[in-house]
Amino acid sequence: MTPLPEAGIPADEPGKATLGEHVLGQLQRLGAAVGLNEADTALYGQVLLDSLADSARRPLSLPPASPSFLSDDHTPVEFSLACTADAAPALRVLVEPGWAHEDMGASGRAGLEAIHAMAARWNFSTDQLDALHDLFLPTTAEGPLSLWYALDLRAGGVPGVKVYLNPAAAGPEHAAHTVQEALRRLGYDKAFAQLPPAAGYPFFALDLGSWESPRVKVYVKHPRMSADDACALGHASGAAAADIRHFFHAAAGTLPPSGELGDGTPRLLRRSALTCHSFTEGDSDPSGFTLHIPVRDYVRDDEEALDRATALLTRSGMDPAVLRRSLRALTQRQLTDGVGQIAYLALVYERNRQPRITAYLSSEAYLTRAPTEQYAQVGLLAAQRTQSALNSGRKTADHAIPHTAPKEVSWSRTASKL
């Protein structure tokens with residue numbers, strides 16, 4: 001059993017904390033866990049609160065303002081740790097700034113306002129985003145999201161900024177055309193032809209601000225993925241097929257102790273895996289490939305998810321200690337008491353860079369998913385789905401990234417209010 005160390009800050013009395021206090025406290029403790037100084041963490045925390053606007057003051061005793069697609073419990077904030085063998089882990093935070101707006105058009109406008117405020121603060125251009133306004137931010141937008149942003153929290157107080165947009169904003173039937181047209185406008189005329197067949201395009205993402213090689217990224221949904229499928233999808237990235245195969249089986253729990261597979265072909269039949277295909281300026285071929293496995297749907301609880309992440313990090317020469325400290329910074333609960341604190345595990349390849357493993361960490365401001373008592377370890381079985389308690393008309397779909405969607409199995413009010 002993998003014990004979770006005691007949290008350093010006691011929980012507030014239930015019902016007293018606000019959303020802003022909850023996520024800001026988590027960010028402060030996560031910053032300390034990865035070695036960010038207090039000044040940088042305070043600056044990033046203020047940007048986070050500013051972008052959430054009035055909803056940051058919403059008491060946690062009230063239900064979520066809307067059924068955000070960003071996380072299983074509808075918290076509009078998610079954290080992640082990007083780990084490499086030759087550097088300290090990078091802390092990131094993903095935010096839905098228009099969370100309180102149930103209308104997707106209004107949500108998108110609030111998100112765009114938040115990005116423009118960041119551009120003024122950190123002096124970067126939004127020209128690429130503005131050129132895609134009509135495609136992704138129509139007045140009457142559809143879908144479970146409109147605009148999210150992520151901050152790569154760096155020392156010095158100047159982050160990398162990422163923007164995530166919904167290709168199905170004009171309707172899912174137009175998603176492929178929207179992706180193709182967006183790539184064309186940004187100068188990647190041949191890029192769409194390099195993408196694999198897709199069951200859907202959950203996200204279109206842009207790097208804005210301070211990046212060595214800014215990327216345009218397209219996320220692709222793959223129901224019923226097998227390890228062979230994952231290897232075929234990543235072959236153009238230069239990634240070793242053996243590494244992709246091992247990651248798939250280790251993250252999804254289809255790797256028996258012997259290391260040998262049975263006669264059947266394990267496939268992910270619950271929440272779908274995603275791949276991300278990135279392009280950099282002047283390059284029509286993908287410059288990066290990421291495989292996202294929704295680990296929370298293929299484990300009993302977060303202790304098991306942590307064990308899998310620890311094994312993957314250790315095998316890749318990465319120290320899992322920061323991940324353990326980060327879980328302690330997020331919650332006081334025992335890892336065996338819930339599932340979903342570690343939402344996704346991702347294997348990332350980028351040209352001329354060391355491979356990365358990223359763990360996506362849920363805030364759990366509102367709810368913790370109860371442990372999944374029955375799940376398949378080799379032949380993966382489809383999960384039973386239950387209707388979300390929050391149904392305001394937003395459509396649901398599988399989510400990655402950063403990544404969450406259909407609200408599955410059962411829930412319990414065990415999330416800590418830190």
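Residues numbered from 1 in each chain as written. Predicted model: local features only at pLDDT ≥ 70, side-chain atom pairs only at ≥ 80, totals over all residues. Heavy atoms only, no water.

Under an unreviewed UniProt entry, the chain has the name Tryptophan dimethylallyltransferase family protein and belongs to Streptomyces longisporoflavus.

Undergrad: Talk me through the packing of aromatic side chains; I want residue IDs and the actual numbers.
TA: A complete count under the given rule lists 11 aromatic pairs for this structure. Counting every residue linked through ring pairs, the aromatic cluster contains Phe-69, Trp-148, Tyr-164, Phe-203 and Tyr-219. Positioned above the aromatic ring of Trp-122, the side-chain terminus of Arg-121 is 5.8 Å from the ring centre. In this arrangement the basic side chain of Arg-215 is found over the ring face of Trp-211, its NZ or CZ atom lying 5.4 Å from the centre. (Phe/Tyr/Trp six-rings, centres within 6.5 Å; stacked < 30°, edge-to-face > 60°. Lys NZ or Arg CZ within 6 Å of the ring centre and 35° of its normal.)

Undergrad: Would you mind going over the packing of helix α9 (residues 302-315) against helix α10 (residues 321-330) in detail, with residue names and values included?
TA: Working note: a packed helix pair is described by the angle between its axes plus the distance between those axes. For the pair α9 and α10, the least separation of the axes is 10 Å and the interaxial angle reads 150°. With respect to their mutual orientation, α9 and α10 come out roughly antiparallel. Within the contact between the two elements, α9 uses Leu-306, Ala-309, Thr-310 and Leu-313 and α10 uses Leu-323, Arg-324 and Leu-327. Considering only residue class, the contact of α9 with α10 consists of five nonpolar, one polar and one charged. (Axes fitted to C-alpha atoms, helices over the stretch in contact; angles between N-to-C directions. Helix = DSSP H or I, 4+ residues; strand = E, 2+ residues; numbered from the N terminus. Parallel < 35°, antiparallel > 145°, perpendicular 65-115°, else oblique. Contact = heavy atoms within 4.5 Å. Nonpolar A, V, L, I, M, F, W, Y, C, P; charged D, E, K, R; others polar.)

Undergrad: Got a sec to walk through the environment of Glu-113? Specific residues and values, please.
TA: Looking at where Glu-113 falls in the secondary structure, it is placed in helix α3 (residues 104-122). When the C-alpha atoms of Glu-113 and Pro-97 are compared, they prove to be 9.1 Å apart, with 16 residues separating the residues in sequence.

Undergrad: Give me empty space enclosed by the protein: which residues, what numbers.
TA: Looking at the largest cavity, its volume works out to about 230 Å³. Lining the largest cavity are 26 residues, and of these Arg-92, Lys-162, Tyr-164, Lys-217 and Tyr-360 sit closest to its centre. When contributions to the lining of the largest cavity are tallied by element, the ones reaching two or more residues are β1 (77-84), β2 (87-95), β4 (160-165), β6 (215-222), β7 (273-280), β8 (288-293), β9 (342-350) and β10 (356-362). Counting residues per element, the lining of the largest cavity draws most heavily on β8, which supplies four residues. Of the residues assigned to the lining of the largest cavity, the class counts are 13 nonpolar, six polar and seven charged. (1 Å grid on protein atoms, 1.4 Å probe; cavity = no way out; pocket = protein on both sides within 12 Å on 5 of 7 lines; lining within 4 Å. Points joined across faces, edges and corners; volume = space filled by probe spheres on them.)

Undergrad: Which residues make up the side chain of Glu-364, and what values do they have?
TA: Note that Glu-364 resides in the loop between β10 and β11 (368-369). The class of Glu-364 is buried, set by a relative accessible area of 5%. In terms of polar contacts, Glu-364 uses its side chain to reach the side chain of Arg-333, at 3.0 Å. A polar atom in the side chain of Glu-364 sits 3.1 Å from the side chain of Thr-368. (Buried < 20%, exposed > 50% of the residue type's maximum accessible area, 1.4 Å probe, protein only. Polar contact = N/O pair within 3.5 Å; in protein donor to acceptor, adjacent residues only side chain to side chain.)

Undergrad: Residue-level account of the nonpolar core, with values.
TA: Grouped together as the largest cluster of nonpolar side chains are 100 residues, with contacts concentrated most on Leu-183 and Phe-204. For this core, the element with the highest residue contribution is helix α8 (residues 241-252), accounting for six residues. Membership of the second largest hydrophobic core comes to 12 residues, among which are Leu-94, Tyr-164, Tyr-219 and Leu-274. (Core = buried A, V, L, I, M, F, W, Y, C linked by side-chain atoms within 4.5 Å.)

Undergrad: Report on helix α2 (residues 38-52), specifying residues and quantitative values.
TA: In this model, α2 (15 residues) spans 21 Å end to end at C-alpha, consistent with the 21 Å of a helix rising 1.5 Å per residue. Regarding α2, the residues found buried are Asp-40, Thr-41, Tyr-44, Gly-45, Val-47, Leu-48, Leu-49, Ser-51 and Leu-52. Buried positions along α2 lie against α1 (19-34), β1, β2, α3 and β3 (147-153). N-cap assignment for α2: the residue whose side-chain oxygen lies 3.1 Å from the backbone N of Ala-39 is Asn-37. Just beyond α2, the residue with positive phi is Ala-53, at close to 55°. (Expected span 1.5 Å × (residues − 1).)

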